[in-house]
Amino acid sequence: MAFDPHDPYDAAALYDMWLNCQGCPATFDFEPQRPLGLDYYHDIGQRAKAEGWVVHEQPEAEPGEDVSYLVCCPECAARFGLAAPAPGQRRAPVAIMDICAAVRAAEDELAA
Ligand SMILES: [Zn+2]
């Protein structure tokens, strides 16, 4: 499995660089010594999902507006009664596709 811009967990990890709970100071900090890249963000996103973090993509109020994510650690998700998003293909935000393409291009350049 590789980075999936349609998965809100992968997308939030990429967009925010790491996952910070919005209800308490908890941070999902995963192997900070690893080089940043799409694989890294994918691993953070999927590990957070496995540990019960809840990430929701906030719908853009206006088309073209910045995307944002609601991120909660497992404790806060339980406190607020937040459930994990239902799996399924969703539209990836334009901002995420743009960042994803830029990171991918930078990685290709490094590999060349
Ligand atoms: Zn929390």
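Residues numbered from 1 in each chain as written. Predicted model: local features only at pLDDT ≥ 70, side-chain atom pairs only at ≥ 80, totals over all residues.

**Q** Could you clarify how one ought to interpret helix H1 (residues 8–16) in this entry?
**A** Structurally, the α-helix is built with 3.6 residues per turn, so residues lying three or four positions apart point the same way. Among the nine residues that make up H1, seven are buried, leaving the element largely enclosed by the rest of the structure. Within H1, burial applies to Pro 8, Tyr 9, Asp 10, Ala 11, Ala 12, Ala 13 and Leu 14. Buried residues along H1 sit against strand E1 (19–20), helix H2 (38–50), strand E3 (54–58), strand E4 (68–72) and helix H4 (94–111). One or two positions beyond H1, positive phi appears at Met 17, with a value near 75°. (Buried ≥ 20, exposed ≤ 12 C-beta atoms within 10 Å, placed from the backbone. Helix = DSSP H or I, 4+ residues; strand = E, 2+ residues; numbered from the N terminus. Contact = placed C-beta atoms within 7 Å.)

**Q** Help me understand unusual backbone geometry in this model?
**A** Note on backbone geometry: most residues besides glycine have negative phi, and most peptide bonds are trans. A positive phi angle, close to 75°, is found at Met 17, a residue other than glycine. With respect to the helices and strands, the residue Met 17 is situated in the loop between H1 and E1.

**Q** Hey, could you run me through the environment of Pro 8 in this one?
**A** Looking at where Pro 8 falls in the secondary structure, it is placed in helix H1. On the basis of neighbour counts, which here come to 27 C-beta atoms within 10 Å, the residue Pro 8 falls in the buried class. In the structure, Pro 8 is positioned 50 residues away from Gln 58 in sequence and 9.8 Å away in space, judged by C-alpha atoms. Every residue in contact with Pro 8, bar those within four places of it in the chain, is listed here: Val 55, His 56, Glu 57, Tyr 69 and Pro 85.

All quantities given are derived from atomic positions and should not be read as evidence of function.
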